[in-house]
Amino acid sequence: MAAEVDREERRRRVWGTTLLRALVLVTTFLALVAFSMALAKVTLTPSPASEDLVRSNLSPGRSLRQYAENYTFLAACKQAGGNLLLGVPFGILLPILVPRRLRMLRMVLLTVTVMVVIELVQGALVPGRAFDIDDAILNTSGALLGYLLVGRRISHHYHLLAEGTTRAEAAPEPKPKRKLAPKSGPKSRTKSKLTSKPKRRPKPSSKSKATAVSKAKTKAKSKVKPKSKSRSRAATGRSPSGLVASGRALFGRLLTRDR
(Lines give C-alpha, C1' and ligand atoms only; values in the text may rest on other atoms or scores of the structure.)
Protein backbone atom coordinates (compact mmCIF):
# COMPACT_ATOMS: atom_id res chain seq x y z
CA MET A 1 0.00 0.00 0.00
CA ALA A 2 2.79 2.43 0.88
CA ALA A 3 4.58 1.75 -2.42
CA GLU A 4 1.41 2.42 -4.42
CA VAL A 5 0.84 5.70 -2.58
CA ASP A 6 4.42 6.77 -3.30
CA ARG A 7 3.98 5.97 -7.00
CA GLU A 8 0.78 8.01 -7.21
CA GLU A 9 2.40 10.99 -5.49
CA ARG A 10 5.39 10.75 -7.80
CA ARG A 11 3.20 10.69 -10.89
CA ARG A 12 1.23 13.68 -9.65
CA ARG A 13 4.41 15.65 -9.08
CA VAL A 14 5.74 14.79 -12.55
CA TRP A 15 2.48 15.77 -14.20
CA GLY A 16 2.30 18.99 -12.20
CA THR A 17 5.84 20.01 -13.12
CA THR A 18 5.31 19.17 -16.82
CA LEU A 19 2.14 21.25 -16.90
CA LEU A 20 3.96 24.13 -15.22
CA ARG A 21 6.78 23.88 -17.77
CA ALA A 22 4.32 23.90 -20.66
CA LEU A 23 2.50 26.90 -19.20
CA VAL A 24 5.75 28.83 -18.80
CA LEU A 25 6.84 28.01 -22.35
CA VAL A 26 3.48 29.00 -23.84
CA THR A 27 3.34 32.31 -21.97
CA THR A 28 6.95 33.09 -22.89
CA PHE A 29 6.33 32.35 -26.55
CA LEU A 30 3.16 34.47 -26.62
CA ALA A 31 4.94 37.33 -24.87
CA LEU A 32 7.80 37.12 -27.37
CA VAL A 33 5.35 37.19 -30.29
CA ALA A 34 3.54 40.19 -28.84
CA PHE A 35 6.82 42.00 -28.27
CA SER A 36 7.96 41.22 -31.83
CA MET A 37 4.75 42.72 -33.21
CA ALA A 38 5.20 45.83 -31.09
CA LEU A 39 8.84 46.10 -32.14
CA ALA A 40 7.93 45.75 -35.80
CA LYS A 41 5.29 48.44 -35.43
CA VAL A 42 7.76 50.82 -33.80
CA THR A 43 10.77 50.22 -36.02
CA LEU A 44 9.29 49.31 -39.41
CA THR A 45 6.65 52.03 -39.74
CA PRO A 46 7.65 54.57 -42.38
CA SER A 47 8.20 58.25 -41.50
CA PRO A 48 8.22 60.35 -44.72
CA ALA A 49 8.86 63.57 -42.80
CA SER A 50 12.37 62.50 -41.78
CA GLU A 51 13.60 61.18 -45.14
CA ASP A 52 15.93 64.15 -45.70
CA LEU A 53 17.24 64.17 -42.11
CA VAL A 54 17.98 60.48 -41.49
CA ARG A 55 21.23 58.96 -42.74
CA SER A 56 22.77 55.56 -42.28
CA ASN A 57 25.44 55.18 -39.62
CA LEU A 58 28.13 52.50 -39.77
CA SER A 59 30.58 53.96 -37.21
CA PRO A 60 29.81 53.04 -33.56
CA GLY A 61 29.23 56.05 -31.28
CA ARG A 62 28.39 58.60 -33.97
CA SER A 63 24.67 58.76 -33.19
CA LEU A 64 25.37 58.88 -29.46
CA ARG A 65 27.57 61.95 -29.96
CA GLN A 66 24.80 63.57 -31.96
CA TYR A 67 22.33 62.88 -29.15
CA ALA A 68 24.67 64.54 -26.68
CA GLU A 69 25.50 67.56 -28.86
CA ASN A 70 22.39 68.37 -30.90
CA TYR A 71 19.56 67.01 -28.72
CA THR A 72 18.25 68.25 -25.43
CA PHE A 73 18.74 66.14 -22.32
CA LEU A 74 15.18 64.81 -22.34
CA ALA A 75 15.25 64.09 -26.07
CA ALA A 76 18.60 62.30 -25.78
CA CYS A 77 17.36 60.22 -22.83
CA LYS A 78 14.19 59.41 -24.75
CA GLN A 79 16.06 58.30 -27.83
CA ALA A 80 18.75 56.26 -26.05
CA GLY A 81 16.41 54.96 -23.34
CA GLY A 82 13.86 53.83 -25.92
CA ASN A 83 16.48 51.76 -27.73
CA LEU A 84 17.58 50.21 -24.42
CA LEU A 85 14.02 49.30 -23.46
CA LEU A 86 13.42 47.67 -26.83
CA GLY A 87 16.12 45.09 -26.02
CA VAL A 88 15.11 44.32 -22.41
CA PRO A 89 12.38 41.74 -23.27
CA PHE A 90 14.91 39.72 -25.25
CA GLY A 91 17.05 39.38 -22.13
CA ILE A 92 14.05 38.16 -20.11
CA LEU A 93 12.30 35.84 -22.59
CA LEU A 94 15.06 34.32 -24.72
CA PRO A 95 17.01 32.65 -21.82
CA ILE A 96 13.91 30.57 -21.05
CA LEU A 97 13.61 29.31 -24.62
CA VAL A 98 17.30 28.62 -25.25
CA PRO A 99 19.21 25.74 -23.58
CA ARG A 100 20.79 26.31 -20.22
CA ARG A 101 24.37 25.90 -21.39
CA LEU A 102 25.85 29.23 -22.55
CA ARG A 103 22.42 30.84 -22.43
CA MET A 104 23.77 34.36 -21.96
CA LEU A 105 26.01 34.07 -25.01
CA ARG A 106 23.20 32.60 -27.08
CA MET A 107 20.81 35.29 -25.94
CA VAL A 108 23.30 38.03 -26.93
CA LEU A 109 23.92 36.46 -30.34
CA LEU A 110 20.19 36.10 -31.05
CA THR A 111 19.53 39.67 -30.00
CA VAL A 112 22.34 41.01 -32.16
CA THR A 113 21.08 38.97 -35.14
CA VAL A 114 17.49 40.17 -34.78
CA MET A 115 18.44 43.81 -34.30
CA VAL A 116 20.89 43.84 -37.22
CA VAL A 117 18.21 42.29 -39.46
CA ILE A 118 15.68 44.95 -38.36
CA GLU A 119 18.19 47.74 -39.02
CA LEU A 120 18.97 46.35 -42.47
CA VAL A 121 15.25 46.14 -43.30
CA GLN A 122 14.82 49.72 -42.09
CA GLY A 123 17.60 51.04 -44.26
CA ALA A 124 16.62 49.08 -47.35
CA LEU A 125 12.81 49.00 -47.41
CA VAL A 126 11.27 51.48 -44.98
CA PRO A 127 11.17 55.13 -46.10
CA GLY A 128 12.36 57.62 -43.51
CA ARG A 129 14.40 54.96 -41.72
CA ALA A 130 18.11 54.20 -41.93
CA PHE A 131 20.57 51.62 -40.74
CA ASP A 132 22.19 52.71 -37.45
CA ILE A 133 24.77 50.53 -35.70
CA ASP A 134 24.33 52.47 -32.47
CA ASP A 135 20.69 51.40 -32.27
CA ALA A 136 21.74 47.74 -32.49
CA ILE A 137 24.36 48.33 -29.77
CA LEU A 138 21.79 49.98 -27.49
CA ASN A 139 19.26 47.20 -28.09
CA THR A 140 21.84 44.52 -27.27
CA SER A 141 22.89 46.43 -24.13
CA GLY A 142 19.25 46.55 -23.02
CA ALA A 143 18.91 42.80 -23.55
CA LEU A 144 22.04 42.16 -21.51
CA LEU A 145 20.78 44.47 -18.75
CA GLY A 146 17.40 42.69 -18.64
CA TYR A 147 19.15 39.34 -18.45
CA LEU A 148 21.38 40.37 -15.56
CA LEU A 149 18.53 41.94 -13.57
CA VAL A 150 15.62 39.53 -14.15
CA GLY A 151 16.17 36.97 -16.88
CA ARG A 152 19.00 35.10 -15.22
CA ARG A 153 17.00 34.24 -12.11
CA ILE A 154 13.85 33.28 -14.00
CA SER A 155 15.69 31.09 -16.50
CA HIS A 156 17.74 29.49 -13.70
CA HIS A 157 14.60 28.41 -11.80
CA TYR A 158 12.93 27.21 -14.98
CA HIS A 159 15.87 25.07 -16.09
CA LEU A 160 16.20 23.57 -12.60
CA LEU A 161 12.52 22.62 -12.76
CA ALA A 162 13.01 21.10 -16.21
CA GLU A 163 16.02 19.07 -15.09
CA GLY A 164 14.12 17.82 -12.03
CA THR A 165 11.21 16.58 -14.14
CA THR A 166 13.45 14.85 -16.68
CA ARG A 167 15.35 13.08 -13.91
CA ALA A 168 12.12 12.02 -12.22
CA GLU A 169 10.79 10.64 -15.51
CA ALA A 170 14.02 8.81 -16.28
CA ALA A 171 14.42 7.32 -12.80
CA PRO A 172 12.91 3.83 -12.40
CA GLU A 173 10.11 3.27 -9.97
CA PRO A 174 11.30 1.90 -6.63
CA LYS A 175 10.38 -1.72 -6.05
CA PRO A 176 8.95 -2.76 -2.67
CA LYS A 177 11.47 -4.53 -0.51
CA ARG A 178 10.64 -8.12 0.42
CA LYS A 179 11.41 -9.29 3.90
CA LEU A 180 13.22 -12.62 3.95
CA ALA A 181 11.90 -15.06 6.58
CA PRO A 182 14.56 -16.83 8.66
CA LYS A 183 15.20 -20.39 7.52
CA SER A 184 14.14 -22.96 10.12
CA GLY A 185 15.57 -26.45 9.73
CA PRO A 186 18.25 -28.86 10.84
CA LYS A 187 20.95 -27.00 8.88
CA SER A 188 20.20 -23.70 10.51
CA ARG A 189 20.12 -25.34 13.94
CA THR A 190 23.47 -27.05 13.39
CA LYS A 191 24.93 -23.75 12.15
CA SER A 192 23.65 -21.95 15.20
CA LYS A 193 25.15 -24.66 17.42
CA LEU A 194 28.48 -24.48 15.66
CA THR A 195 28.56 -20.74 15.66
CA SER A 196 27.56 -20.47 19.33
CA LYS A 197 30.72 -20.19 21.38
CA PRO A 198 31.09 -21.96 24.76
CA LYS A 199 30.69 -19.76 27.73
CA ARG A 200 33.88 -18.89 29.48
CA ARG A 201 34.02 -18.98 33.22
CA PRO A 202 35.09 -15.74 34.78
CA LYS A 203 38.58 -15.76 36.19
CA PRO A 204 38.76 -15.35 39.99
CA SER A 205 39.93 -11.96 40.97
CA SER A 206 42.39 -11.07 43.74
CA LYS A 207 39.53 -10.15 46.09
CA SER A 208 37.84 -13.51 45.62
CA LYS A 209 41.19 -15.26 46.26
CA ALA A 210 41.66 -13.31 49.51
CA THR A 211 38.16 -14.18 50.67
CA ALA A 212 38.76 -17.88 49.88
CA VAL A 213 42.02 -17.87 51.90
CA SER A 214 40.32 -16.19 54.86
CA LYS A 215 37.50 -18.76 54.77
CA ALA A 216 40.02 -21.62 54.75
CA LYS A 217 41.81 -20.16 57.77
CA THR A 218 38.60 -19.81 59.69
CA LYS A 219 37.70 -23.45 58.92
CA ALA A 220 41.13 -24.61 60.14
CA LYS A 221 40.74 -22.66 63.36
CA SER A 222 37.31 -24.10 63.92
CA LYS A 223 38.77 -27.63 63.52
CA VAL A 224 41.61 -26.96 65.95
CA LYS A 225 39.39 -25.52 68.70
CA PRO A 226 37.91 -28.87 69.89
CA LYS A 227 41.41 -30.26 70.53
CA SER A 228 42.23 -27.36 72.76
CA LYS A 229 39.02 -27.90 74.65
CA SER A 230 39.81 -31.59 75.21
CA ARG A 231 43.28 -30.73 76.43
CA SER A 232 41.91 -28.19 78.81
CA ARG A 233 39.41 -30.71 80.07
CA ALA A 234 42.21 -33.28 80.62
CA ALA A 235 44.28 -30.71 82.39
CA THR A 236 41.33 -29.73 84.51
CA GLY A 237 40.58 -33.43 85.19
CA ARG A 238 43.78 -33.67 87.31
CA SER A 239 42.28 -32.17 90.43
CA PRO A 240 44.03 -32.41 93.96
CA SER A 241 41.90 -35.40 95.00
CA GLY A 242 43.08 -37.31 91.98
CA LEU A 243 46.70 -36.54 92.82
CA VAL A 244 46.19 -37.78 96.37
CA ALA A 245 44.69 -41.05 95.17
CA SER A 246 47.51 -41.65 92.73
CA GLY A 247 50.04 -40.92 95.48
CA ARG A 248 48.42 -43.44 97.78
CA ALA A 249 48.48 -46.06 95.06
CA LEU A 250 52.18 -45.53 94.44
CA PHE A 251 52.91 -45.69 98.15
CA GLY A 252 51.01 -49.00 98.47
CA ARG A 253 53.01 -50.50 95.57
CA LEU A 254 56.27 -49.52 97.21
CA LEU A 255 55.24 -51.21 100.48
CA THR A 256 54.35 -54.44 98.77
CA ARG A 257 57.73 -54.50 96.97
CA ASP A 258 59.61 -54.06 100.27
CA ARG A 259 57.80 -57.03 101.83
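Here the structure is a predicted model, which means the values were calculated and not measured.

Thresholds, definitions, all that
- Residues numbered from 1 in each chain as written.
- Predicted model: local features only at pLDDT ≥ 70, side-chain atom pairs only at ≥ 80, totals over all residues.
- Heavy atoms only, no water.
- 1 Å grid on protein atoms, 1.4 Å probe; cavity = no way out; pocket = protein on both sides within 12 Å on 5 of 7 lines; lining within 4 Å.
- Points joined across faces, edges and corners; volume = space filled by probe spheres on them.
- Helix = DSSP H or I, 4+ residues; strand = E, 2+ residues; numbered from the N terminus.
- Nonpolar A, V, L, I, M, F, W, Y, C, P; charged D, E, K, R; others polar.
- Axes fitted to C-alpha atoms, helices over the stretch in contact; angles between N-to-C directions.
- Parallel < 35°, antiparallel > 145°, perpendicular 65-115°, else oblique.
- Left-handed = near helix turned anticlockwise from the far one by under 90°.
- Contact = heavy atoms within 4.5 Å.
- Phe/Tyr/Trp six-rings, centres within 6.5 Å; stacked < 30°, edge-to-face > 60°.
- Salt bridge = Lys/Arg side-chain N within 4 Å of Asp/Glu carboxyl O.
- Buried < 20%, exposed > 50% of the residue type's maximum accessible area, 1.4 Å probe, protein only.
- Core = buried A, V, L, I, M, F, W, Y, C linked by side-chain atoms within 4.5 Å.
- pLDDT = per-residue confidence, 0-100.

When its volume is computed, the largest pocket comes out at roughly 740 Å³. Forming the boundary of the largest pocket are 29 residues, of which Val-54, Tyr-67, Gln-79, Asp-132 and Asp-135 lie nearest the centre. Every element with two or more residues in the lining of the largest pocket is listed here: α1 (2-43), α2 (62-70), α3 (73-97), α4 (103-125) and α5 (133-170). For the lining of the largest pocket, the residue count by class is eight nonpolar, 14 polar and seven charged.

Turning our eyes to something else, we now look at the packing of α3 against α4. It is the contact of α3 with α4, at a shortest axis distance of 10 Å, that shows an interaxial angle of 140°. Between α3 and α4, the angle is such that the two are oblique. In the crossing of α3 with α4, the sense of the turn from one axis to the other is right-handed. Taken together, the residues of α4 that come into contact with α3 (itself represented by Leu-86, Gly-87, Phe-90, Gly-91, Leu-94 and Pro-95) are Arg-103, Met-107, Leu-110, Thr-111, Val-114 and Met-115. When grouped by side-chain class, the residues that make up the contact of α3 with α4 number eight nonpolar, three polar and one charged.

Per the counting criterion, the structure on display carries two aromatic pairs. Pairing Tyr-67 with Tyr-71 gives two aromatic rings, centres 5.3 Å apart and planes at 85°, and the pair type is edge-to-face.

Below, the discussion takes up the pattern of salt bridges. It is possible for side chains of opposite charge to pair when their charged atoms get near one another. Taken as a whole and judged by the stated rule, the model has one salt bridge. Across the pair Glu-163 and Arg-100 runs a salt bridge whose closest N-O atoms are separated by 3.0 Å. Here the residue Glu-163 occupies a position in helix α5, and Arg-100 occupies one in the loop between α3 and α4, the gap between them amounting to 63 residues. Under the relative-accessibility criterion, Arg-100 is labelled partly exposed at 30%.

With that settled, consider the nonpolar core. Taken as a class, soluble globular proteins show a tendency for nonpolar side chains to be buried jointly. Among the nonpolar cores identified, the biggest contains 13 residues, and Leu-39, Phe-90, Leu-94, Met-107 and Met-115 are the most heavily contacted of them. A per-element tally of this core places α3 first, with four residues. Every residue in contact with Leu-39, bar those within four places of it in the chain, is listed here: Leu-44, Leu-86, Phe-90, Met-115 and Ile-118.

Here we take up the environment of Gly-82. Position of Gly-82 among the secondary structure elements: in helix α3. For Gly-82, a relative accessible area of 29% puts it in the partly exposed group. C-alpha separation for the pair Gly-82 and Asp-135, spaced 53 residues apart in sequence, amounts to 9.6 Å.

Next up on the list: the confidence of the model for the protein. With 66% of its residues at a pLDDT of at least 70, the protein reaches an overall mean of 76. Within the protein, α3 carries the highest mean pLDDT (91), whereas helix α6 (residues 186-195) carries the lowest (49). Within the model, the stretch residues 190-194 combines pLDDT values under 50 with zero contacts to residues more than four positions away or in other chains. Contacts of residues 224-237 to residues separated by more than four positions or lying in other chains number zero contacts, the stretch itself having pLDDT below 50.

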